Amino acid sequence: MGYRILETDDIPAYLHERGHWADVTDIHVREVSDGNMNRVFLASNADGSHSLAVKQALPWVRVAGPSWPMSPERADAEARAYEQVAKVAPDKIPVIHGYDADNYALVMEDMSDLEVLRTVLNEGASYGPDASARIGEFVAQLTFATSDFGMDSADRKALIAASVSPELCKITEDVVLSEPYIEHEHNHWLPELADLAASFRADARLRTEVADLRYTFMTSAQALLHGDLHTGSVMVGEREGAPVVRVFDPEFSFVGPIGYDLGLYWANVLVSEERARELGALTDHGDQLRLSWEAFETEFRRLWPTRVDTFFDDAFVDRFLSRVWTDSVGYAGTEIVRRIIGFAHLTDLTTLPDPVPASRRTLLLGRELIVRREELTSPEHIRALV
Ligand code: SR1
Ligand code: MG
């Protein structure tokens, strides 16, 4: 049978067809689709002893509908990314029970006992000691293993070829790395931000710096990325008394600049901080960029002696990490800007009683991160700017 769009009522039979839960008949299913792109169903049985999630890519952007067609092959990219991460950081992703390439559907662990990090933060909780460090480690483990330091050159070329994802990269090249700086029907903003949106469109210096970051995004095949590592792509919680952090939704995965993953996370951390500042509810927000960077750097340097090509010497890793840092600062800026005057906004700001002051502050911060990224060389510099 070819590709068919699954509905809630199809899921029990679909699970049986795919070889799951042959003996389970009392399957209850609910749709919990939440992100911009795909549909997600949770299936469980009556006594709660079985539960699974089914995620299917539609042939369009879910929130836009058929007017914005999008190849469901993005699910292939997601499945491939999970395979790679499972080799090096299996504790940081959901368990994948199977991928159905005909229907672009993943059957995976039900994580409904955990919570989306963005939701937790929006509700006023702190990050705790673990989340950002695990994210930094995740980025280091995935990117080191899939870089020319972690893989033989021929295998790397095969990975790059297999991970090419033109449609999803184009979304990022458009909605993150160009549209917010030009007139585009996708863009929208609060009326009180119209002056800033106009000044960003007229800002030649900003435009050139974003073009530079966009070019790096399009050409720098450093390592396999998650590709959309915002706080809505992270689940947190506790299992058996221990903190749990799971990164999910790597459908934007491709081989690109490492700083894109770190930068996306940092932007979302900084937006969350401005929300908390607005509400007078700051907790540990100001530590998170540093914690994730330190964990990333520590893990990357821990793995460095295992590199497959020792022509890359110890002095080179310092230079490499310093470039990753600078890229990350710049991409953090672009992620902030697009989340306020581009297509996809963030509930961190949109659900504030008055979103204007925090949105203005954050937007201006985003610009500084982009244009001054070369001089912002440490987490302390970013703190001073914030
Ligand atoms: C049309 S998609 C807009 C955004 O949703 C995804 O989560 C990515 O962040 C993408 O940029
Ligand atoms: Mg997503």
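Keep in mind that what you see is a predicted model, and the values were worked out from it rather than measured.

## Details of the site of ligand 1
- Close contacts around ligand 1 come from N36, M37, V61, W68, V175, D228, H230, F252, R338, R339 and F343, and that covers them all.
- At a separation of 2.7 Å, an oxygen atom of ligand 1 approaches a polar side-chain atom of N36.
- At 2.8 Å, a side-chain N or O of D228 approaches an oxygen atom of ligand 1.
- The protein chains hide 96% of the 310 Å² of surface that ligand 1 would expose on its own.
- The residue makeup of the shell around ligand 1 includes at least three contributed by each of domain 1 (26–109) and domain 2 (115–385).

## So, the environment of A267
- Turning to its location among the elements, A267 is positioned in helix α9 (residues 258–278).
- Along the sequence, A267 and L289 sit 22 residues apart, while their C-alpha atoms lie 8.9 Å from each other.
- Setting aside its immediate chain neighbours within four residues, A267 contacts A332, E335 and I336.

## A word on the domain arrangement of the protein chain
- Annotation of the protein chain at the domain level lists domain 1 (26–109) and domain 2 (115–385).
- Taking only C-alpha atoms into account, the centre of domain 1 sits 23 Å from that of domain 2.
- Of all residues in domain 1, the largest losses of buried area upon contact with domain 2 belong to W68, Q84 and K92, amounting jointly to 28% of the total for that side.
- Where domain 1 packs against domain 2, one counts four salt bridges.
- In this structure, E109 engages R239 in a salt bridge whose closest nitrogen and oxygen atoms are separated by 2.6 Å.

## A few points about the side chain of T172
- Looking at where T172 falls in the secondary structure, it is placed in helix α6 (residues 166–176).
- The contacts of T172, once residues within four sequence positions are left out, are L177, F217, F252 and Y260.

## Considerations on the sheet that holds strand β8 (residues 115–116)
- One open sheet accounts for three strands, arranged β8-β10-β11; its pairing is antiparallel. Of all the strands in the sheet, the pair left with one neighbour each is β8 and β11 (242–247).
- Strand direction decides the pairing type here: β8 and strand β10 (residues 234–239), joined by two bridges, are antiparallel. Within the sheet, the bridge partner assigned to E115 lies in β10 and is V236.
- Lying on the sheet, helix α4 (residues 131–145) is in contact with β10 and β11; it crosses β11 at an angle near 45°.

Rules of the game
Residues numbered from 1 in each chain as written. Chains lettered and ligands numbered in written order. Predicted model: local features only at pLDDT ≥ 70, side-chain atom pairs only at ≥ 80, totals over all residues. Heavy atoms only, no water. Near = heavy atom within 4 Å. Polar contact = N/O pair within 3.5 Å; in protein donor to acceptor, adjacent residues only side chain to side chain. Areas by Shrake-Rupley, 256 points an atom, 1.4 Å probe, with all protein chains shown as cover. Domains from an automatic or database assignment. Helix = DSSP H or I, 4+ residues; strand = E, 2+ residues; numbered from the N terminus. Contact = heavy atoms within 4.5 Å. Buried area = accessible area lost by both parts, 1.4 Å probe. Salt bridge = Lys/Arg side-chain N within 4 Å of Asp/Glu carboxyl O. Pairing = 2+ DSSP bridges. Axes fitted to C-alpha atoms, helices over the stretch in contact; angles between N-to-C directions.

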